[in-house]
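Here are the chains, one letter per residue:
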Amino acid sequence: MLSVILKRLLLAVPTLIGVVVVTFLLTRALPGDPAAYFAGPAATKQAIEQVRAQLGLDKPLPVQFVRYVNDLAHGDLGNSLTTGQPVLAELRSRLPASAELTLLGLILSMSIAIPLGILAATKPGSIVDHVCRIVTTAGVSLPVFFTGLILVYVFYYLLGWAPAPLGRLDVFFSAPRTVTGFYLIDSLLAGKFDLFRAALAQLVLPALTLAIFSLAPIARMTRASMLSVLASDFVRTARASGLTRYTVVITYAFRNAMLPVITTLGMVFSFLLGANVLVEKVFAWPGIGSYAVEALIASDFAPVQGFVLTMAVMYVILNLIIDLLYGVVDPRVRIDA
Amino acid sequence: MVAVALLDIKDLTVEFHTRRGIVKAVQHVNISIGKGETLGIVGESGSGKSVTSYAVMRILDRAGSIAEGSVTFSGIDLRAAPEEQVRTMRGREMSMIFQSPRLALNPIRKVGHQIEDVLKQHAQADSAQLTNKAIEMLDHVKIARSRERYHAYPFELSGGMCQRVVIALALACRPQLLIADAPTTGLDVTTQKAVMDLVTELTRERGLSTILITHDLGLAATYCDNIVVMEKGRVIESATSTKIFKKPSHAYTRKLMQATPRPGSTLRGLLPEGEAPPVPQKIQMVPREQKPLLEVTKLVKEFPRKGLQASLSRLLGPKPAPQPENFRAVDGISFKINRGESVGLVGESGCGKSTTSMMVMRLIDKSEGAIMFDGEDIGDIAPREFAHTPFRRRIQMVFQDPTDSLNPRYTAARAIADPLLRMGGIKGAAAIRGRCEELAQQVGLPTDLLDRFPHQLSGGQKARVGIARSIALKPDLIVLDEPTAALDVSVQAVVLNLLQDLKDSLGMSYLFVSHDLNVVRLLCDRVIVMKTGQIVEQGPTEQVLFEPQAQYTRDLLAAIPHPPA
């Protein structure tokens, strides 16, 4: 098991090297001149050149690259020019914010989509099936900023159930001591239940927005996968042996149908993690998506590179976890690994 | 005659609601079976034999339903009984074993646990005894090292072993009725015999009633007291086995019997009377001394032993014995095929016959040895390059599954034209179409079917398309990889005759790979018997099959079901 993990991590090294090279070159190829941007609109030519020299951007590309890699090897992702903060510190505070939001959204989505998909598959053409289709189609066809705004309008403005959509915590609370970076977990570890409630209250609406959006792929995949498994020979054997419907559907069919669902989950998770900029904007969420986009607009290289690299690492880890999960579910995969 | 039948099917009609309307898969069927009796239901695909059994078990698809008639099982009306009552009866009162045993088991659940599921469901053992009871069941179906096999997953077991597990599953709760739905399809003859003997032994021991559903009349007659023959959803004949074999009263039964290859039948004799085509003109082969068309010498194929094999040995043995690095699938075999000759390659699954045919086809590399084709060494040409040599068009292949070996998005004409387009040297759509029609006529495929897609053709028609494709380039040698294994016997009879006629009229040679000795006997001049990568016996067909020298050949022959004469 351990050797498999190690082997997979080693295999990821070339990928990461590739990511480092490509992001470096791409950020340099982007339109926009960071020196001109930071020197300000009124700056003279000399001033711009001075800034350029300060940033080290006057050196040839290979030299810049070597410097970048050298910094990287020392765990230095550089400083953001817009905020002046080290990129590593910012990512460290923002990644958990994004991850917490995405995970909760995904869990919410799974707990609705998977049962819905199973029910729809066991009764194709029934009312449940139609409900499943309508709900998922509606969820995926509404843009997230729209669903987000509707939710804010209804639950904050009209009903007043939800707190103001202003980030991870109400202004009256201060963040718990960082252990995992997840406020829900950290507040519980600190034993502060009111803090937990406050953090959860902030999370519910954005997480719900993400969940509504990601219902469709998960429910659809569950349904399709269940349909094909339910039609297979071993399900017929299970039925012919007089097993109860529950055993047949859950123990026999669903466990087999899980493999494609797990793959979909992984894809949805990694997509949401980096791509929910709009949700972060609507709820003023201090996540990595909005951080990266803002840096990109400002031609601020260091955060963009740091972001892409972080996502690449996350992706590698996520894929590893999915492959390991595969092995847990399916003994045939274990042999191949 | 038994006073009260255990299972009584009266006037059963099963309907399926499809997009094209209602299809009656079974119509007005009457079947009755007494306690301890064995009944065979025989019919070709689409005869409704499986649907009948699903209706009895009430496990029809959602689209299917019992439209008329009644099914009574020891006094209980199964059609009217609530689902919950029928469910508790499944597995406990009546159970079923299926074809393709590997697929019939949950691939990701240990076989022991699958048996336990059934035991637990029907409260046959309390949880403390479950494991022991499951292992006991594995012992019952004669699975060696049952305690280890309890932890095995289906993919770690052979096909025959999986079928034993399915039998254990079915018999775990001591039912009164066992329905066996083509339980030996896809298994080797010796495995088939072992499985059938096991079923017979267990059912006799427990006084079970058995329904054996099969397309093989010989198998049914060997193991059943009574036989019901079905065609197109209706029972057309029902009698004792001996009677049906001596005096089949219905024309269809006679046709079916005739089409089943048996010792003593001839190729032409398989076809119904009056339908045998005239023997085509044989090309006069100039009887000159010539080099053999194909000469294989000391051919070896080794595969690295890794993955499944290695893991299996690690799993099963406490300390794996040091094994050679490589696994020899084909172990130094030599044989020849002359021009116009057809040679049968016979053996059970895993004996290396498919690997051999793949090497002769130059689809995979050989490890050692030589393959001489028409005096030239083709063994050293890499498979990737072989397609670009002029030899490719001279060696062609017909595949096992007529459906899977056709591109579902190509029409029949396009499929046949494929080799012509690649290396036929014919230019122009009209010329190619002309050649396709010519080929279609040669293989007896009506030319108006040429524009259909595979799913619009019957099994026999698809087989003809595959054969037309293989002869399109006028090859000298055709490798036939069990070309009739997926076909009904009556279709098989026609296809075998077609192959024989084509060989005679085009002067081709065949390498006929098969596990069915009766089929090989009809079509082949010489037979090669393989076992674990080696040739155990080869010689003229009559000699090998009637005076076998090797013990293994004798075992193979003995395993073929021998219906009461």
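Basis of the calculations
- Residues numbered from 1 in each chain as written.
- Chains lettered and ligands numbered in written order.
- Predicted model: local features only at pLDDT ≥ 70, side-chain atom pairs only at ≥ 80, totals over all residues.
- Heavy atoms only, no water.
- Helix = DSSP H or I, 4+ residues; strand = E, 2+ residues; numbered from the N terminus.
- Contact = heavy atoms within 4.5 Å.
- Areas by Shrake-Rupley, 256 points an atom, 1.4 Å probe, with all protein chains shown as cover.
- Lys, Arg positive; Asp, Glu negative; His and termini not counted.
- Charge placed at Lys NZ, Arg CZ, Asp CG, Glu CD.
- Patch = residues over 30% accessible without salt bridge, like charges linked within 9 Å, V, L, I, M, F, W, Y side chains within 5 Å.
- Salt bridge = Lys/Arg side-chain N within 4 Å of Asp/Glu carboxyl O.
- Phe/Tyr/Trp six-rings, centres within 6.5 Å; stacked < 30°, edge-to-face > 60°.
- Buried < 20%, exposed > 50% of the residue type's maximum accessible area, 1.4 Å probe, protein only.
- Lys NZ or Arg CZ within 6 Å of the ring centre and 35° of its normal.
- Core = buried A, V, L, I, M, F, W, Y, C linked by side-chain atoms within 4.5 Å.

## Side note on the overall build of chain A
Helix and strand counts for chain A come out as 15 helices and 0 strands. Taken over the C-alpha atoms alone, chain A extends approximately 85 × 55 × 40 Å along its principal axes. Once local pairs closer than 6 in sequence are excluded, the contacts in chain A between residues at least 24 apart make up 72%. Accessible surface computed for chain A: about 17,000 Å², of which carbon and sulfur atoms make up 71%. A gap of 10 Å separates the mean positions of the 24 positive and 18 negative side-chain charges of chain A.

## Considering a nonpolar patch on the surface
Where nonpolar side chains cluster on the molecular surface, the patch consists of L10, V13, I17, V21, V22, L25, L26 and L61 of chain A and spans about 700 Å² of accessible area. With respect to the helices and strands, the residue I17 of chain A is situated in helix α1 (residues 2-29).

## Section: the packing of aromatic side chains
Remark: the centre distance and the inter-plane angle together describe each pair of aromatic rings, the angle taken between the planes. Evaluated as defined, the whole model comprises 7 aromatic pairs over all chains. Summarising the aromatic geometry, the rings of Y153 of chain A and Y157 of chain A are spaced 5.5 Å apart at their centres and angled 20° between planes, so their arrangement reads as stacked. Placement of the pair is Y153 of chain A and Y157 of chain A together in helix α7 (residues 144-158), with a separation of 4 residues, close to one helical turn. Judged by relative accessible area, which is 45%, Y153 of chain A ranks as partly exposed. Look at Y153 of chain B and F155 of chain B: their rings are 6.1 Å apart centre to centre, the planes differ by 20°, and that puts the pair in the stacked class. This pair shows no difference in class: Y153 of chain B is buried, exactly as F155 of chain B is. Among the aromatic residues, those joined into a ring-pair cluster are F24, F65 and Y68 of chain A. Across from the ring centre of Y183 of chain A, 3.7 Å away, lies the NZ or CZ of R168 of chain A, which sits over that ring.

## Side note on the pattern of salt bridges
Residue and element names in this part refer to chain B. Here the structure, examined in full by the defined rule, presents 33 salt bridges over all chains. Note that R145 and E148 form a salt bridge whose closest N and O atoms lie 3.0 Å from each other. A relative accessible area of 43% means that R145 is categorised as partly exposed. Its relative accessible area of 35% is what places E148 among the partly exposed residues. Via salt bridges that share partners, E302, R328, D331 and E368 belong to a single interconnected network.

## Section: the nonpolar core
What tends to happen in soluble globular proteins is that the nonpolar side chains get buried as a cluster. In this structure, L7, L12, I115, I167, L177 and I211 of chain B are the most contacted members of the largest nonpolar core, which totals 151 residues. For this core, the element with the most residues is helix α11 (residues 245-275) of chain A, which contributes 14 residues. Residues in contact with L12 of chain B, not counting those within four places in the same chain, are V26, Q27, H28, V29, T52, A55, I66, E68, G69 and V71 of chain B. Judged by nonpolar contacts, the second largest core, of 70 residues, contains I416, L450, L498 and A559 of chain B.

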